[in-house]
Amino acid sequence: MDKICTVFRFRCSAVSFDNRHHNVTRRYDYCVLGAGPAGLQMGYFLSKARRNYVILERNSGPGSFFNKYPRHRKLISINKIYTGRGNREFNLRHDWNSLLSDKPDLLFKRVSDDFYPPADAFPQYLSLFVGELGLRVQYGVDVGRIRAVQSATGRHYILTDQHASDYTCSVLLVATGLWVPHTVDFVGADLVEGYESISTNPEDYKDQAVLILGKGNSAFETAQSILGRASRVHMLSSSPVRLAWQTHYVGDLRAVNNELIDTYQLKSLDGLAEARLEKIVIAQQKEEGKRRLGGKKKEKRKQLYLTLNKYMHSRNSFDATQEELPGHHIDNFPMRKPYDRVIRCLGFRFNFSIFDSSACPPNSENAKGRLPELTPWYEGKNTPGLFVLGTASHSRDYRSSAGGFVHGFRYTARAVHRLLEHRYHRNAWPSTQLLATHLQSWILKRVDEASGPYQMFEVLGDVILLRGSHCEYLEEFPLQALPQLSSLSGHDVSMHGLIVVVMQYGKKKIDYLGRSRAETEWTNAWKSNFLHPVLYYYKTLPSVEEMKLRPNGWPLPRPQAIHHIVEDFLTEWDAPISHIQPLRRFLEHCLQTDLRAFYAESCFHLSLTHRTPPLFCQQGYLKQQGIPRNSQLRQRVHDAGLTHTEQDVGTSDADSTFPNYLAPAGASVSSGLKLDL
């Protein structure tokens, strides 16, 4: 027996390894399910915070979805390397593939410089991300069951893999993405090919008539790949095409995939149509061909017909007679001719099957029930301690922002981590302490550079907690969670109120290529159509009820005051008259103070003539903060002959009655002048 194990040493050890996995329980504070971009992004934040975590991945490498999808191997996420700017945060606005880290060179451009990169580059980039950051990923762990258990120490989740091993964690972060093909139940669905299994060789479609079900990017990607070979391509869905450049939603049809619109509108045999997919039937009609010499029939290739439920005599059969075809009832029915292939391209859905009833979040009403329902802070509804990240969390901003895509959910993942740090480790949401006189400059810096609110417009916003002469600046807080700000962030709102800075589009439907598409007059900033900053001022936190009753299309309830900064062609809000001055006036209204900046001479004069000098003078000039002191500056002043000698001044001793803010202005006390009255 020992000899056999010696010969088959490798095999024996492998079996022994598998046996050790059975009925083993591993305990972690955090379990991240899935090593795609969202899971790895959260892994980075947990690793940086030195938390006890593990990332579980069923496949042998990160980002395995991209090894197969998109099927035609070109990403539609922008990889704009050259922006003319060296600011890293600004450049992330135009880099839709990189994840966030503290390594400035760990960017997607290391694996591809294509504007629309090849899909194979993404797993390569994710492997770099894992390796260089040392993330704790366990591959080959196929979790098939997730259940929640309540104990004396609280609620925790148990994940069971294919080896019956259990992983127990207090917090479960689900980042599995969407990979289950979405289907619609209709008669003849078994005759349809799926996007997940179709041939990607255009030659296989030569001179064939093809019907594609769906009008999203996967459908148009498929259509575009076969336009040069298929005899005709028709596309069918329940709604018309939505163009991303019109809706500002990157999940709608992108221009890189829309060549079929040209061939349709220029009448080159291809076309688009609308119908409820639940009401269609994909049928085949049996036809007899010519007899062979041996007396046997030669059967033609079976073609597929699109018909409707109401024309079928039997609702359970997909064999149609001539009378059951739509052309028999409507002689100019648009899709009356047969097809050689029908392809389903309806996208993907969340995999609910691995959750038992104790841990399964409900289906969201958004996206036709394909996504889980979440709270505004991305926790599963009725599943405390279970958070959903990445594409699967898109129910929070479906068809309205970028939360379903890497350049969006890298920021929502960071927001979830900040929430976890406060809830479980008592670390308040990171904030920046600012003097009120510095607030305007900080806001302008954020709206000009910050990538998070720019990508997650109307979903993540900056919250400014006013504290009188100073304020606290919280970045990228989930707007819909604003009523719970104090409990989620660890920061309270004072009697001075708060300001929320949001990036948003105009709500008016316009011709986005027409002459009047843009607003340039700052007095009409509220009419801006393109992405622009909007500031909301509240005296108190909005309530949950107010959030529910907010005006249609608004990201927040009606505030006490609102300010739109007019849209800018360059997305640079730095114009003195159109951008900066109106913002200052709005902030002065909210803070009830003068925020103008003054020269030292003016501050000196105002200090002598006013009981309360302007805030800028109080916080800067009168605290000797106008010009930082250093030896080099003093030497230059001395060399220029601008300093007074002891003879000139009369005395070098400071008089206790002499205001301490006059000396920096060049004032002095002579021996013959006494100010004590």
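Reading guide: rules and limits
Residues numbered from 1 in each chain as written. Predicted model: local features only at pLDDT ≥ 70, side-chain atom pairs only at ≥ 80, totals over all residues. Heavy atoms only, no water. Axes fitted to C-alpha atoms, helices over the stretch in contact; angles between N-to-C directions. Helix = DSSP H or I, 4+ residues; strand = E, 2+ residues; numbered from the N terminus. Parallel < 35°, antiparallel > 145°, perpendicular 65-115°, else oblique. Left-handed = near helix turned anticlockwise from the far one by under 90°. Contact = heavy atoms within 4.5 Å. Nonpolar A, V, L, I, M, F, W, Y, C, P; charged D, E, K, R; others polar. Core = buried A, V, L, I, M, F, W, Y, C linked by side-chain atoms within 4.5 Å. Buried < 20%, exposed > 50% of the residue type's maximum accessible area, 1.4 Å probe, protein only. Salt bridge = Lys/Arg side-chain N within 4 Å of Asp/Glu carboxyl O. Phe/Tyr/Trp six-rings, centres within 6.5 Å; stacked < 30°, edge-to-face > 60°. Lys NZ or Arg CZ within 6 Å of the ring centre and 35° of its normal. Disulfide = S-S within 2.5 Å.

The name an unreviewed UniProt entry assigns to the protein chain is FAD-dependent oxidoreductase domain containing 2, from the organism Haplochromis burtoni.

(A) The arrangement of the packing of helix 3 (residues 37–48) against helix 5 (residues 121–133) in detail. The interhelical angle for the contact between helix 3 and helix 5, taken along N-to-C directions, is 15 degrees, at an axis separation of 11 Å. One element, helix 3, and the other, helix 5, form an angle in the roughly parallel class. Between helix 3 and helix 5 lies a crossing whose hand is left-handed. Contacts between helix 3 and helix 5 pair P37, L40, Y44 and S47 from the former with F122, L126, F129, V130 and L133 from the latter. In terms of residue class, the contact of helix 3 with helix 5 is made up of 8 nonpolar, 1 polar and no charged.

(B) Representation of the nonpolar core in the model. Formed by 113 residues in total, the largest nonpolar core has its most connected members in L40, I146, L159 and L173. Once residues lying within four places of it in the same chain are set aside, the contact partners of L40 are A35, I55, P62, L99, L126, F129, V130, L135 and V137. If you look at the next biggest cluster of nonpolar residues, it comprises 29 residues, including L434, L466, Y473 and L591.

(C) Here's a closer look at the pattern of salt bridges. According to the stated counting rule, one finds 26 salt bridges in the structure shown. The partner of E278 in a salt bridge is R276, and the shortest N-O contact between them spans 3.3 Å. Connected through salt bridges with shared partners, the residues R414, R446, D462, E475 and E476 form a single ionic network.

(D) Region of the structure containing the packing of aromatic side chains. The full count for this structure, using the stated rule, is 23 aromatic pairs. Ring plane angle 70 degrees and centroid distance 4.9 Å describe the contact between Y69 and F348, whose orientation is recorded as edge-to-face. Here Y69 is found in the loop between strand 2 (53–57) and helix 4 (88–91), whereas its partner F348 is found in strand 15 (residues 348–349), with 279 residues between them in sequence. In this structure, Y69 and F348 share a single accessibility class: buried. Here the aromatic rings of F108 and F122 are separated by 5.8 Å at their centres, their planes lie at 40 degrees, and the arrangement is tilted. Of this pair, F108 sits in the loop between helix 4 and helix 5 while F122 is found in helix 5, placing the two residues 14 residues apart along the sequence. The same class applies to F108 and to F122, which are both buried. Its end group placed over the ring of F90, R85 keeps NZ or CZ at 3.9 Å from the ring centre. Just above the ring of W554 sits the side chain of R558; from NZ or CZ to the centre is 4.9 Å.

(E) Highlighting the side chain of R584. With respect to the helices and strands, the residue R584 is situated in helix 15 (residues 576–591). Those residues in contact with R584 that lie beyond four places of it in its chain are Q440, L595 and R596.

(F) Spatial organisation of the state of the cysteines. One pass over the full model with this rule turns up 1 disulfide. Two residues share a disulfide in this structure: C603 and C617, whose sulfurs sit 2.1 Å from each other. Disulfide C603 to C617: torsion about the S-S bond roughly -80 degrees, handedness left-handed. Highlighted residues: C603 in helix 16 (residues 600–609) and C617 in helix 17 (residues 615–619), separated in sequence by 14 residues. Since its relative accessible area comes to 1%, C603 is described here as buried.

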